[in-house]
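What follows is each chain in one-letter form.
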Amino acid sequence: MYPSVSELAAQEAVDALMHRLAELDQIGISLSQQNDITQLLENILLAAKKITNADGGTLYRCRANARDFLEFEIIRTDSLGIAMGGTTENKISLEPIRLRDAAGVENTSTVAAFAALKKRTVAIADVDRSEGFDFTGTKAFDQRTGYRSKSFLTVPLKNHEDEVIGVLQLINAKDRATGEIVAFSETDVRLAESLASQAAVVLTNRLLVLQLENLFESFVKLLNQAIDEKSPYTGGHCARVPLLTMLLAEAAHQTTVGPLAAWQMTDKDRYELKLAGMLHDCGKVTTPVHVVDKATKLQTIFDRIELLDTRFEVVKRDAELVALRAKLEANTPETVARIEAEFHTRLMEIAADSRFLHAANIGGERMTPADKDRVHAIAKKYRWKNPQGTEVDFLSENEIENLTIFAGTLTAAERQVINHHITVTIQMLEALPWPRHLQNVPEYAGGHHERMDGKGYPRGLTRDQMSVQARIMGIADIFEALTARDRPYKQGKTLTDSLHILGQMSLQGHIDPDLFDIFVRERVYLNYARQFLDERQVDDVDVKKIPGYSGD
């Protein structure tokens, strides 16, 4: 027996409903996989239009910091070719809809505001026959465009705390068979509400994730600010290294030649590396300020070169007293002239030694063995009485140790204190419960002082034991330090000098040669220089003369 016409119609209606439910299910899955907020909002509106076969629609959002307003996010009207907001380049210039006036009176005359305030769906079959709502703006739009706004379906988007986070408004449902503008059906209402519920959950979750990410990044910046308060030199470094890291990472990602041609990053990889860059020196929060800011070899709380100046004045006074006594005992003009000449020679000698110690006090690239020997000689050359009245060598053992530092301004013990920051960094980061997509942050951040030949610290890792990201950060850390113009003990180097040093490091197994090639070939150094270096540092680089650069 064949089914009747009514039975066939009923079956078709059931099949159509099942199809739309399946569509709703697929839409929910699709929305849950979208991470970009703008794209997510657009997908919500497009999905609602599709499932209800609406000609147009608008998605509004209640901002967390502006709960009294509904802001236009996405506007679409197919028959008029209107596409504004979202991923389009067409900005929405419409003023937000106020939910309350200045006196706190609720705006219940606007459909979208009413739905948000009362937290309930509003379905209007025909605007011309509706009561209680003000459609002046809608009718003015219709008059300008020739459009006929007829049926409306307005659904609030509520989060898990029953707070309205947005409003979905659909306009002009179209009959699927004839295309005629009709009222939204009961099924349309239920499907739109279901979609709005799913969308609100997905949107809320994504916003919560973003808020947590923003909170964590703000905390990291706060930590770097705390380091900055201790030392402005270190603080600038903490801000610049992440930026340089990402410049080199993007260059490596985009390269199509060489051993790293297949290396790629996802957006999650980028975020993970960015965080690692921001945290790479977080352990310096425990480093003593007098070590971090040690501008000269003799600096502690103050620069002890001033003490040496005082001693030299004492030595000159003693020499003058000796000369005066000798002149008093002299019995010929020739003897007096000789004494004065010897005294003048002595003063010149003292002045020369003083100038030498001042120069030695400035941390340079390297100190020669001859200069070290001269420091030791000066220590024994002059004698002076300390505050206790005891005659002692001109320089103490600690002063000799500092003044004979081979390079820079730090003694071996002080350098260990500085180097300990990376151990503290690793300990701090490994103590945090990182989510799976950020679990490599400790390794990336903790590896920027390792070397390709295994002679780095703190773990002595070799190139094969390190990730590409950690090797990238190592180059960024060194290049920033070479070019930094805010260090207390040196001026920033030029691009040519910095690249020459990096090239030597590449040849010596200090940094990754493949990444160094990308750093030079893709002009990463120049992109960075344009943002952070003085003009005097940005010289013309002849890459053919850079050691360690393959030129491929």
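Above this text you will find the structure in question.
Note that the structure is predicted; figures quoted are calculated from it, not measured.

Student: Please explain the nonpolar core as it appears in this structure.
Tutor: Soluble globular proteins tend to bury their nonpolar side chains together. Of all hydrophobic cores here, the largest spans 51 residues; its most connected members are Leu 279, Val 441, Phe 479, Leu 502, Phe 519 and Tyr 525. Elements supplying a minimum of two residues to this core: helix 5 (186–230), helix 6 (232–254), helix 7 (267–279), helix 14 (441–446), helix 15 (468–483), helix 16 (495–507), helix 17 (513–521) and helix 18 (524–532). Setting aside anything within four residues of it in sequence, one finds Phe 519 in contact with Leu 244, Leu 248, Ile 475, Phe 479, Leu 499, Leu 502, Val 524 and Tyr 525. Of all hydrophobic cores here, the second largest spans 29 residues; its members include Leu 40, Leu 41, Leu 59 and Leu 203.

Student: Help me out: how do you make sense of the packing of aromatic side chains in this one?
Tutor: Within a pair of aromatic rings, the relevant descriptors are the distance that separates the centres and the angle that separates the planes. This model, assessed by the stated rule, comprises twelve aromatic pairs. Plain terms: the ring middles of Phe 312 and Phe 394 are 4.5 Å apart, the flat faces sit at 50° to each other, and that makes the pair tilted. With Phe 312 in helix 9 (residues 305–329) and Phe 394 in the loop between strand 10 (391–393) and helix 12 (397–403), this residue pair connects regions lying 82 residues apart in the sequence. Owing to a relative accessible area of 0%, Phe 394 belongs among the buried residues under this scheme. One Lys or Arg, Arg 374, reaches over the ring of Phe 356 and ends 4.4 Å from the middle of that ring.

Student: Which parts of the structure should I look at to understand the pattern of salt bridges?
Tutor: A side chain of one charge can pair with a side chain of the opposite charge when the charged atoms of the two come close. A full pass over the atoms with the stated rule returns 35 salt bridges. Measuring nitrogen to oxygen at the nearest pair gives 2.8 Å for the salt bridge that ties Lys 49 to Asp 78. Pair noted here: Lys 49 is in helix 2 (residues 37–52) and Asp 78 is in the loop between strand 2 (66–77) and strand 3 (82–85), with a separation of 29 residues, a long-range link. In this structure Asp 78 comes out as partly exposed when scored by relative accessible area, which is 46%. Lys 284 is paired through a salt bridge with Asp 281; the nearest N and O atoms lie 3.2 Å apart. Look at Asp 281 and you get buried, because its relative accessible area is 1%. Residues participating in the shared-partner salt-bridge network are Arg 346, Glu 349, Asp 353, Arg 374 and Lys 381.

Scoring rules and cut-offs
Residues numbered from 1 in each chain as written. Predicted model: local features only at pLDDT ≥ 70, side-chain atom pairs only at ≥ 80, totals over all residues. Heavy atoms only, no water. Core = buried A, V, L, I, M, F, W, Y, C linked by side-chain atoms within 4.5 Å. Buried < 20%, exposed > 50% of the residue type's maximum accessible area, 1.4 Å probe, protein only. Helix = DSSP H or I, 4+ residues; strand = E, 2+ residues; numbered from the N terminus. Contact = heavy atoms within 4.5 Å. Phe/Tyr/Trp six-rings, centres within 6.5 Å; stacked < 30°, edge-to-face > 60°. Lys NZ or Arg CZ within 6 Å of the ring centre and 35° of its normal. Salt bridge = Lys/Arg side-chain N within 4 Å of Asp/Glu carboxyl O.

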